[in-house]
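Residue-level listing of the chains:
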Amino acid sequence: MPVSPIILWTDALIYLFVIAVLLLIGHVRRHEHLLASWRRVGHSASGMSALTLLLFFLTTGLLDTVHFRPALDHTTEDGRPIYSVEVLSVLDILVTPIRIQVEKTYSAPLAAHLYAKETFELPDGTPVRDFARLQYGGAHLQDPAAERIPDIVSRGGTGILYGLLIWCSLAAGLTGWLSHRHRQSYRNTLIDIRRRTTEMPWYAVLLTLLTLLPLIGAVAMLAPHYHVLGTDKVGQDILYQSLKSIRVALVIGTLTSFIMLPFALLLGIMAGYFRGWVDDVIQYLYTTLNSIPSVLLIAAAVMMMQVYIETHPDIFETVASRADLRLLFLCIILGITSWTGLCRLLRGETMKLRELEYIQAAHAFGVSHWRIITRHILPNVMHIVLIATVMDFSGLVLAEAVLSYVGVGVDPSMISFGTMINAARLEMAREPMVWWALLAAFGFMFTLVLSANLFADAVQNALDPRNRTHKQRTRTFSRTKTTAAASGDKTSQPS
Amino acid sequence: MSALLEIEQLKTVLYTGDAPVRAVDGVSLAIAPGETFALLGESGCGKSMTALSIMRLLPDAGEIVAGTIRIGGIDLLRLPETGMRTIRGKRIGMIFQEPMLSLNPVMTIAEQIEEVLKRHLHLSKTAAQQRIRELLEHVGIPDAAHRMHEYPFQFSGGMKQRAMIAMALAGEPELLIADEPTTALDVTIQAQVLELMRQIQKRNHMAILLITHDLGVVAEMAQRVAVMYAGEIVEMASRDDFFNRPAHPYSQQLFASLPNKQKRDRALAVIQGNVPSLAQQFTGCRFADRCNQALPHCRDTIPQWHTTGDNHQVRCHLFAPESANHRQTPRTSQLSETLPASRVAEPAMLLQVNELAVHFPIRTGLLKRVTGHVKAVDGVSFNISTGKTLALVGESGCGKTTIGKSILQLIRPTHGSVRFRNQELITIQRGQLRQLRSQFQIIFQDPYASLNPRMRIFEILEEGMNALHDSRSRNLSAHHQDGELSKTQQIDMLLQRVGLPAEVKWRFPHEFSGGQRQRIAIARALAVNPELLVCDEPTSALDVSVQAQILNLLKSLQKNLGLAFLFITHNIAVVEYLADEVAVMYLGRIVEHGHIDEVMNNPKHPYTQALLSSVPKITAEPVHAGMILKGDLPSPAAPPTGCHFHPRCPKAMPVCREKYPLASIISNTHTTHCHLYPQEQHS
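Residues numbered from 1 in each chain as written. Chains lettered and ligands numbered in written order. Predicted model: local features only at pLDDT ≥ 70, side-chain atom pairs only at ≥ 80, totals over all residues.

Focus on the overall build of chain A
Now for step 1: Regarding its fold elements, chain A presents 17 helices and six strands.
Now for step 2: Along the first, second and third principal axes, the C-alpha set of chain A runs to 95 × 70 × 55 Å.
Now for step 3: Each of the 495 residues in chain A was classed as buried or not, and the buried ones make up 36%.
Now for step 4: Residue pairs in contact within chain A that sit at least 24 positions apart in sequence constitute 70% of those at least 6 positions apart. (Helix = DSSP H or I, 4+ residues; strand = E, 2+ residues; numbered from the N terminus. Buried ≥ 20, exposed ≤ 12 C-beta atoms within 10 Å, placed from the backbone. Contact = placed C-beta atoms within 7 Å.)

Notes on the overall build of chain B
Now for step 1: If you tally the helices and strands in chain B, you get 21 helices and 24 strands.
Now for step 2: Expected size for 683 residues packed as a compact globule is a radius of gyration near 26 Å; at 27 Å, chain B falls within 12% of this value.
Now for step 3: Across the 683 residues in chain B, those meeting the buried criterion constitute 48%.
Now for step 4: Considering only contacts in chain B between residues 6 or more positions apart, those separated by 24 or more positions represent 68%. (Rg over C-alpha atoms; globule rule 2.2 N^0.38 Å.)

What to know about the sheet that holds strand β14 (residues 369-385) of chain B
Residue and element names in this part refer to chain B.
Now for step 1: Within the open sheet, the four strands sit side by side as β14-β13-β16-β17. Their pairing is antiparallel. For this open sheet the edge positions go to β14 and β17 (423-424), each flanked by a neighbour on one side alone.
Now for step 2: Here strand β16 (residues 415-420) pairs with β17 via two bridges, running antiparallel. When the bridges of β17 are listed, Arg-419 appears paired with Glu-424. (Pairing = 2+ DSSP bridges.)

Examining the confidence of the model for chain B
Residues and elements named next belong to chain B.
Now for step 1: Residues of chain B with pLDDT of at least 70 account for 92%, and the chain-wide mean is 84.
Now for step 2: By mean pLDDT, helix α14 (residues 457-475) is the weakest element of chain B at 73, and strand β3 (residues 36-40) is the strongest at 93.
Now for step 3: Across residues 329-337, confidence stays below pLDDT 50; counting only partners more than four residues off in sequence or on other chains, it has nine contacts.
Now for step 4: Within the model, pLDDT remains below 50 along residues 476-483, and this stretch shows one contact once partners closer than five positions in the same chain are excluded.
Now for step 5: Here the predicted complex scores 0.77 on pTM and 0.79 on ipTM. (pLDDT = per-residue confidence, 0-100.)

Let's talk about the packing of helix α1 (residues 9-30) of chain A against helix α9 (residues 238-274) of chain A
All names here are of chain A.
Now for step 1: Remark: α1 packs on α9, axes separated minimally by 11 Å, with the N-to-C direction vectors making an angle of 70°. As judged from the angle between their axes, α1 and α9 are roughly perpendicular. Each of Thr-10, Leu-13, Ile-14 and Phe-17 in α1 lies in contact with α9, whose residues at this interface are Val-251, Thr-254, Leu-255 and Phe-258.
Now for step 2: Its residues placed into classes, the contact of α1 with α9 shows six nonpolar, two polar and no charged. (Axes fitted to C-alpha atoms, helices over the stretch in contact; angles between N-to-C directions. Parallel < 35°, antiparallel > 145°, perpendicular 65-115°, else oblique. Nonpolar A, V, L, I, M, F, W, Y, C, P; charged D, E, K, R; others polar.)

Considerations on the confidence of the model for chain A
Now for step 1: The share of residues in chain A with pLDDT of 70 or more is 93%, and the mean pLDDT across the chain is 83.
Now for step 2: In this model, residues 468-495 of chain A is a region of pLDDT below 50 whose contacts with residues beyond four sequence positions or in other chains number 24 contacts.

Digging into the sheet that holds strand β21 (residues 581-586) of chain B
Strand-to-strand pairing in sheets goes through backbone hydrogen bonds, with the strands running parallel or antiparallel.
All names here are of chain B.
Now for step 1: Across the sheet, which stays open at both edges, the eight strands sit in the order β18-β19-β20-β15-β21-β22-β24-β23 with mixed pairing between neighbours. Both outer strands of the open sheet, β18 (440-443) and β23 (663-665), are each paired with one neighbouring strand and no more. Each neighbouring strand pair of the sheet contributes to a mean axis angle of 20°, computed without reference to strand direction.
Now for step 2: Pairing between strand β19 (residues 532-536) and strand β20 (residues 564-569): five bridges, direction parallel. Bridge pairing in β20 links Asp-536 to Ile-568.
Now for step 3: Lying over the sheet, helix α20 (residues 606-614) contacts β21 and β22 (589-595), oriented at roughly 105° with respect to β21.

Structural notes on the pairing of strand β7 (residues 175-179) of chain B
All names here are of chain B.
Now for step 1: Burial runs high along β7: five of the five residues are buried.
Now for step 2: Residues Leu-175, Ile-177 and Asp-179 of β7 are buried on one face, and the alternating residues Leu-176 and Ala-178, pointing to the opposite face, are buried as well.
Now for step 3: Both strand β6 (residues 92-95) and β7 contribute to a ladder of four bridges, which runs parallel. Of the residues in β7, the one forming a bridge with Met-94 is Ile-177.
Now for step 4: Two strands pair when backbone bridges link them, and β7 and strand β8 (residues 207-212) are joined in this way by five bridges, in the parallel orientation.

Points about the domain arrangement of chain B
How big an interface is tends to be stated in terms of accessible area lost as the parts join.
Residues and elements named next belong to chain B.
Now for step 1: Each assigned domain of chain B is listed with its residue range as follows: domain 1 (5-91 + 173-246 + 306-320) and domain 2 (349-673).
Now for step 2: For domain 1 and domain 2, the distance between their C-alpha centres works out to 36 Å.
Now for step 3: With 20 residues of domain 1 at the interface, the matching set in domain 2 holds 21 residues.
Now for step 4: Elements with a minimum of two residues in the side of domain 1 that touches domain 2: α8 (187-204), α9 (215-221) and α10 (239-244).
Now for step 5: Ranked by residues supplied to the side of domain 1 that touches domain 2, first place goes to α8 with seven residues. (Domains from an automatic or database assignment.)

Section: the environment of A:Leu345
Residue and element names in this part refer to chain A.
Now for step 1: As for its position among the elements, Leu-345 is in helix α12 (residues 319-354).
Now for step 2: Given 18 C-beta atoms within a 10 Å radius, Leu-345 is considered partly exposed.
Now for step 3: When the C-alpha atoms of Leu-345 and Ile-269 are compared, they prove to be 9.5 Å apart, with 76 residues separating the residues in sequence.
Now for step 4: Setting aside residues no more than four positions away along its own chain, Leu-345 makes contact with Ile-384 and Ala-388.

What to know about the pairing of strand β1 (residues 5-14) of chain B
Residue and element names in this part refer to chain B.
Now for step 1: Where burial is concerned, most of β1 is hidden: seven out of the 10 residues are buried.
Now for step 2: Two strands pair when backbone bridges link them, and β1 and strand β2 (residues 21-31) are joined in this way by eight bridges, in the antiparallel orientation. Each bridged residue has a counterpart across the sheet, and for Glu-6 the counterpart in β2 is Ala-30.

Considering unusual backbone geometry
Residues and elements named next belong to chain B.
Now for step 1: Not every positive phi belongs to a glycine, and Asn-422 is a case in point at roughly 60°.
Now for step 2: Take Asn-422: there are 8 C-beta atoms within 10 Å of it, and that puts it in the exposed class.
Now for step 3: Positive phi values are uncommon outside glycine, yet Leu-587 reaches one of about 50°.
Now for step 4: Following the sequence through the fold, Leu-587 ends up in the loop between β21 and β22.
Now for step 5: Taking the C-beta count within 10 Å as the criterion, Leu-587 has 24 such neighbours and is therefore assigned buried.

Notes on the environment of A:Leu134
All names here are of chain A.
Now for step 1: Here Leu-134 shows up in the loop between β6 (127-133) and α6 (144-182).
Now for step 2: For Leu-134, a count of 22 C-beta atoms within 10 Å corresponds to the buried category.
Now for step 3: Along the chain, Leu-134 and Ser-291 lie 157 residues apart, while their C-alpha atoms are 52 Å from each other.

Right under this line is the structure:
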């Protein structure tokens, strides 16, 4: 199928981000001591299983980032293809069935009927008021009441089996690779993994995959024939919406942080390091910015943007590019309003650091301010930056939801967790309750944020040289606690 | 004599790191009522863990695994936690090292003492208030009735430690555990606190378990001494026996590694290496690896207790009856090793400091108007010649460190002049200053804060070289090619010079001990080939044996490289060992300045006299400080009128209140600022 690739603004930034990460990885791989500390990230079981989950989210997000316009069937007079105005992503193609199978309105997860009664005509012309059959969900069933459950079980079961098969081959491949790498017999490697004595916690990774793969398998088998997570008010598949929301969440979480970081780092460290009037100006700036309610500021900025978009319809070729620009603008304005917290933290930490003796020693060598900031202060505040960024990540994903509710969030045509929750919120009061949309958004967001937090935790522990001994201590302590208790009993015996 | 506290075979384990650490490994001791028992040892020997085990206040990772602790016949280890609470504070009181950290900053002193009284004595409100006042008067807090309702931040360091002692005494304990009670205090304050503890002990007939690393404090306070090494007690003796005839090689070597005047021309005896890790299982004597008299079987046989005299026990194979002939006289040959003669060079004037002043403005109010100045340094002049050491002595807060930093232009002086090789540093341009920076460097007090934890040793050492190189290459780019050593080789040489193997350059600072870090800090300063090193209390955070290593290193560097030192310290013994000249500072001004022998043997200024007599003496006979200063250092924001020292001076005259004394010249090199001596006619 001929396509016309499209690179939206946020796509470009994501590509840039990916390239930056790849360059960083390359840099780390070339430097043994950096590699050694990053390897320790791999030693944390929770970190690695979080990373496995994150990779799933990242893959989804990246697949959803490759945009293009498919060619339509007819061509122009001189034979050139005409491209659709609809912008699709690779993810859209992969999940075509759930994208195009749109029902009339609400339906529960895995249901074969609509969620509300409605009046329709039977083939013989008599009007009935009943739960209508879904157009796609369970449409292949003759008698849903009897066949639905066994059909779901058999399809789901097949999916789980496929998942397990993939898992087994992955595990076998991994073991083979490991045994080749460590020049060890296949059997011994397997035993090592089983006993959790490998350097990397492959056991945890495999365990995570063992949960994840069969789940994906089952969902993949069921999705073409059912709405696994139900449908929303206009009959769109919730699973599709959830998958599409991942990219928006990642974009908001990462791009905003990266827009905010230069402000926070530069201004915070400058204020703490130079003190004096620089400090006064920067403090004045962020105190002022902080005292304006950020929602107002964001609302005003987004409104301006909207007016601009509406008065210049000609510069946007597609709806998607319009929505995308609005998303980017939201990221920027969120970034501009949210650097103050991190900036204040960094200012305080820098003020503490600049009095430390190694900074004084650097001054005594006549090291330039710029080098002191980049070599001495920046690496020693990185853990704060990392924690703040991850904390903000979840906060920003939530902020997007709030802003979408107020009506100044992402473009209404763009699917995001915010718009999903906003739509679901209205239905919570409905009797019977429509719970699945909210639950799906909650579940996906929770998993995403939690795995990001756990991974950041592992990174922080590994990268902070002062933390390393402490981590070992707590782990050893919990292991030896039982023996300690046993020997404690001994003490109380008469000696 | 029935013992008040009896500890038998106490074993405490800390579950940290990979293997459990045996912090206390079979300690047995007994303390009689009214006795002062000193537990002496270097850091990491398990002294504090012993104290915390007695109080049963071990950290979460700690566990008492064996032994008994009895106080007056009660086995503390078999008491339930609620029973323990009636012991703590009531029968055993404890004071800690840091008075600043052991008082709650949001409660008044009276409230904090009242907590103890309420718990143990059930006094009525008024009776309790009465008792608190008595207690505070007892520990020598003036105007106690009024000051008891103040908060800890309104008390000075010495006052806080007094308040801590009052709190520990509130329950009238029979045993007071003092864990390094004076380590954080200045010598003059230390003398006050030690005197107070002696008085109280006499009055209340209370036993004291004194935990310290300071031989001087032990000499002044203790009746019996136990030396602790690597989790066990290696020697136990009466005070006189211990100071006259130290038996264990460790004790002997500790004495030998103390700096003093007699050892000026020699290298100090050094106890090689560090305290071994307590995580291992010992098969022989724990000290064998560092011992200078080790016998072959010291490494594979655990020594038993041997008695050498009345109540003098030692855990060493040398004292076993069968190996008596191996015993050498203490003071072994290692000591007499002298340092090579110094390079003969004509001493030239290196640094001239003239009327240097550093005032920090105090800003108050909305508009940050300057309402006063903290005169940290107020008109200080001195000179340093090449290859010489000037020691700057004084209590904390007198402006010593500020002088050091303002010479390096880390703090901009308010006025005065600092000339380095006749080059004025205060008015110099930033770029020119950077080129000069390689010639004077600084070593800091805290080896843990002076190295960037995120940089490897290689990068730390390289940084100074690079900064220097940038400025030098601009001038001498031609010189650059002719066979300069590669950076790696230079760094290897530096590490070798400070006594570290070259492989360590790829490690991070947290992998090193305090002494090793201080060596790295010295190597960093040496990387740029300075002529002047400002040493800001370089050994005060280190143990005695490690201090000896660093002092030896500094001394040999001075001999070999011809470095000049500005040595900032409060440790008089180090001054006597290292310095050529001494300047004594009080509240931002130098009160006495002279050659080391003149000032130490014949101090003129009453403050110098008091300072020298406050230093605990390590002598065979117990000597108590002759002259104990009253009160604390006044605030440099509002120094007393006239002579700054007059409120504390025992010889104050009316004229002292009126004007600051001019210099009195005692000899060519010896000057002091005191009205007791005839003064120069013009300033």
